Amino acid sequence: MPISGNQVRAEPTAPSSRFLALLPGLPALLFVLITWQVVADGPLIRLDERASRELVHPDRYSELLADLGNVQVAVPVLAVALGYIAVRTRRAERWWLPVTAAALLMALVPALIIPLKDLTDRPGTPVVPPGTGYYPSGHTATAGIAYGCATLLLLPWLRTALARLTLVAVCVALVLGVGYGLVRRGYHWPLDVAASLCLCAVLLSSLWLFLRRGTADQPR
């Protein structure tokens, strides 16, 4: 019996969809592992403290990089991107969906980070004043979600592969720069930043899958 073109195209998509659904799994597992080590004061904490001693070197450059994770800097960047997308898609069906999803994800950051800081109660590095609540890094999470959401929403509007690659590279450089600045300045332990990066990877991959499904469900 001959196989129609629709059948040939439909069969390979199922395993791919199942694979994509697992994307948030690995960073989620790493986040749980790091959090367990922080709470249990495990061996990773000793490595983390040694790495911090080697990396900390407060200077103006590291402070400027860390400031890119401030709410006052990162959130306005996301707001501009959301406004641009809203204007470009206002005539489309469900135009509000990507914009609303990204805004809600940004609002979710403090709702996740603040309870985790209270739960882990981790003290800061010797560079910062005595206190607790440094895990995970809120600045890293703010930068990751703000710049990451802006990138995910803007990517479909870029016409060339080079432009898309450049946008992703700038986003990655910004987020990693914030993390590096926080560790270099001594505002956070390396694991504080690593955990926030894992959390951002979970949230952003979930948003990407949600937006991908929303686009696929739209009538053509």
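Analysis parameters
- Residues numbered from 1 in each chain as written.
- Predicted model: local features only at pLDDT ≥ 70, side-chain atom pairs only at ≥ 80, totals over all residues.
- Heavy atoms only, no water.
- Axes fitted to C-alpha atoms, helices over the stretch in contact; angles between N-to-C directions.
- Helix = DSSP H or I, 4+ residues; strand = E, 2+ residues; numbered from the N terminus.
- Parallel < 35°, antiparallel > 145°, perpendicular 65-115°, else oblique.
- Contact = heavy atoms within 4.5 Å.
- Core = buried A, V, L, I, M, F, W, Y, C linked by side-chain atoms within 4.5 Å.
- Buried < 20%, exposed > 50% of the residue type's maximum accessible area, 1.4 Å probe, protein only.

1. Focus on the packing of helix H8 (residues 138-154) against helix H9 (residues 161-185)
When two helices pack together, their arrangement is given by the angle between their axes and by how far apart the axes lie. Running from N to C, H8 and H9 point in directions that differ by 175 degrees, and their axes come no closer than 9 Å. Taken together, H8 and H9 sit at an angle that is classed as roughly antiparallel. Facing His-139, Thr-140, Ala-143, Gly-144, Tyr-147, Gly-148, Thr-151 and Leu-154 of H8, the residues of H9 in contact are Leu-167, Val-168, Cys-171, Leu-174, Val-175, Val-178, Gly-179 and Leu-182.

2. Digging into the nonpolar core
Judged by nonpolar contacts, the single largest core of 44 residues is most densely connected at Ile-145 and Cys-149. Elements with a minimum of two residues in this core: helix H3 (25-40), helix H6 (71-89), helix H7 (96-120), H8, H9 and helix H10 (190-217). Looking at this core, the element that brings in the most residues is H10, giving 10 residues. Excluding anything up to four places from it in sequence, Ile-145 contacts Leu-105, Met-106, Val-109, Cys-200, Leu-203 and Leu-204.

3. Considerations on unusual backbone geometry
Between Tyr-135 and Pro-136 the backbone carries a cis peptide bond, its omega angle lying at -10 degrees. For Pro-136, the position within the fold is in the loop between H7 and H8. In the Ramachandran plot, Asp-41 falls in the positive-phi region, its phi being about 55 degrees despite a non-glycine side chain. Unlike most non-glycine residues, Asp-121 shows phi in positive territory, near 55 degrees. With respect to the helices, strands and loops of the structure, Asp-121 is situated in the loop between H7 and H8. By relative accessible area, Asp-121 is classed as partly exposed at 42%.

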